[in-house]
Amino acid sequence: MKVLVVGQGGREHALVWKLAQSPLVTQVFCAPGNAGTAGDGVNVDISATNVEGLVKFAKAESIGLTVIGPEATLVAGAADAFEKEGLLVFGPTRTAAELEGSKVFAKDVMRQSAIPTAASQTFGSAEAAEAYIADREETRLVVKADGLAAGKGVSVCANKAEALEAVRRIMRMHEFGDAGKRIVVEEHLDGEEVSILAITDGSTIVPLETSQDHKAAFDEDRGPNTGGMGAYSPAPLITPEMMDQIIAQILVPSIDAMKKRNRPFKGVLYAGLMMTHQGPKVLEFNVRFGDPEAQPLLMRLKTDLAQVLLSVAEGRLSELPSLVWDPRPSVCVVMAAAGYPGEYEKGAMIRGLEEASRVPNVKVFHAGTTLRGQQVVTNGGRVLGVTALGDNIGDAKLRAYQAVKCIRWDGAWCRHDISDKARRHPT
Ligand SMILES: Nc1ncnc2c1ncn2[C@@H]1O[C@H](COP(=O)(O)OP(=O)(O)OP(=O)(O)O)[C@@H](O)[C@H]1O
Ligand SMILES: [Mg+2]
């Protein structure tokens, strides 16, 4: 079977790398891909937003399964276009992808299905939002643009003044365009964040191992939010009892609610949770593999990924035997360009990749990279996801940073504390 992976980030490189290991798979294409997917698969020069071009390519190449990585492509309805042509595709339809495409819609689903989440209000006008905030006691609030905003649409505000400023930027200055036509204003939750991903064909739900991302740019969770500076798996914070609670109170009711709304959800449901004193509460839903969570997760998955994704696309997930996981923990350290998450330059030559990949149990997943001739150069803010398996979390961290030390380009930087949070919850 030929497989097509759509996208060009670290998540997509991990998917290409894992799918290429499957005995079912004869060839893996990646559109448009990066310098890493060019090594583990074959890049195709079609942008991830060119749905027509992707469908045409899939038909011409008799692609057996297409896996769509990025949320923007899913929210734009790419899976619908593939299904319409009778092509097997992994990823939710446009209406199901609205769980991520619209934070207002997601809140509505959670409210109606009594899924635990932050108390919130939705506003379609700046005046109404400003009046609501002005009326409240002084408090921390979180203001979220409704639509996709590349991970930049959320403002965690220390006080009312900051919340009013966020409303002004989103709804008066239109910083995120139509994505800011409506907003959600919600209470600030305290606790530790965790990423819970589950594979589903709309009826059967198969949770993946737990993982934890690091959103803040700098050590000890300081600085602005990013797309994620590193992740590790498993997250010892989540006990088996908590996982049962998360499945019963969040995953099952969400999938049921989507079915009842005639928007059956097929693909990955990613619940971003805050583990509060009152239990797990949903911060958001994403409808694709997390990035950088996919890297440590797929490093640990032993089951054939092509089998899994195919059984979802064909709606027969219930037939799949339980997933098999490597018990060893995995750590992914993101290396970023100078200036990220703000302005950054592209085109810096990357050295030491060979050396890094010789560190045992390490895989260097590419994100923002491209080839200039034979040379790998930077091509994004988050450039690499250096991922290692270890006998324990400390060993995995050590190996990942050993490999990071081998890699150089002007201005390269990373956090130094990825996975340290795990030590707070000894198993
Ligand atoms: N109610 C809340 N209380 C405290 N922090 C919050 C709350 N909602 C969001 N956050 C913080 O803001 C971050 C981003 O929020 P959210 O996950 O809703 O947005 P997003 O832009 O869709 O993120 P992503 O890029 O991960 O999909 C969260 O990871 C969390 O750190
Ligand atoms: Mg999101």
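Predicted, not measured: the structure shown is a model, and the values here were computed from it. (Residues numbered from 1 in each chain as written. Chains lettered and ligands numbered in written order. Predicted model: local features only at pLDDT ≥ 70, side-chain atom pairs only at ≥ 80, totals over all residues. Heavy atoms only, no water.)

## Concerning the site of ligand 1
In the neighbourhood of ligand 1, 19 residues make up the surrounding shell, with Glu186, Leu189, Glu193, Lys215 and Glu284 lying closest. Take lysine 103: an N or O atom from its side chain is 2.9 Å from an oxygen atom of ligand 1. The contact in question runs from an oxygen atom of ligand 1 to an N or O atom on the side chain of glutamate 193, over 2.4 Å. Elements supplying a minimum of two residues to the shell around ligand 1: β7 (141-145), β8 (154-157), β9 (183-187) and β17 (279-286). Looking at the shell around ligand 1, the element that brings in the most residues is β17, giving three residues. A domain-level breakdown of the shell around ligand 1 finds at least three residues from each of domain 2 (125-181) and domain 3 (191-319). (Near = heavy atom within 4 Å. Polar contact = N/O pair within 3.5 Å; in protein donor to acceptor, adjacent residues only side chain to side chain. Helix = DSSP H or I, 4+ residues; strand = E, 2+ residues; numbered from the N terminus. Domains from an automatic or database assignment.)

## Side note on the pattern of salt bridges
Oppositely charged side chains may form a pair once their charged atoms are brought near each other. Under the criterion given, the structure shown has 31 salt bridges. Taking the shortest distance from any N to any O, the salt bridge between glutamate 12 and arginine 11 comes out at 2.8 Å. You can call arginine 11 buried: its relative accessible area is 8%. A salt bridge links arginine 168 to glutamate 165; the nearest nitrogen and oxygen atoms lie 3.0 Å apart. Of this pair, arginine 168 and glutamate 165 both sit in helix α9 (residues 160-172), separated by three residues, roughly a single helical turn. We classify glutamate 165 as partly exposed; its relative accessible area is 34%. Here the residues in one salt-bridge network are Asp221, Arg415, Asp417 and Lys421, joined through shared partners. (Salt bridge = Lys/Arg side-chain N within 4 Å of Asp/Glu carboxyl O. Buried < 20%, exposed > 50% of the residue type's maximum accessible area, 1.4 Å probe, protein only.)

## Looking at the domain arrangement of the protein
When cut into domains, the protein gives domain 1 (2-91), domain 2 (125-181), domain 3 (191-319) and domain 4 (330-424). Centre-to-centre separation of domain 3 and domain 4, based on C-alpha positions: 23 Å. With 27 residues of domain 3 at the interface, the matching set in domain 4 holds 26 residues. Summed over both partners, the interface of domain 3 with domain 4 buries about 2100 Å², with 61% contributed by carbon and sulfur atoms. For the interface between domain 3 and domain 4, the tally reads three salt bridges. Put simply, aspartate 221 and arginine 415 hold a salt bridge, and the shortest N to O gap is 3.1 Å. Taken together, domain 3 and domain 4 are joined by 16 residue pairs in polar contact (both at pLDDT 80 or more). Sorting the residues of the side of domain 3 that touches domain 4 by element identifies β12 (212-213), β13 (216-218), β14 (222-225), β15 (230-233) and α11 (294-300) as the ones contributing at least two each. Residue classes in the side of domain 3 that touches domain 4 are distributed as eleven nonpolar, nine polar and seven charged. (Contact = heavy atoms within 4.5 Å. Buried area = accessible area lost by both parts, 1.4 Å probe. Nonpolar A, V, L, I, M, F, W, Y, C, P; charged D, E, K, R; others polar.)

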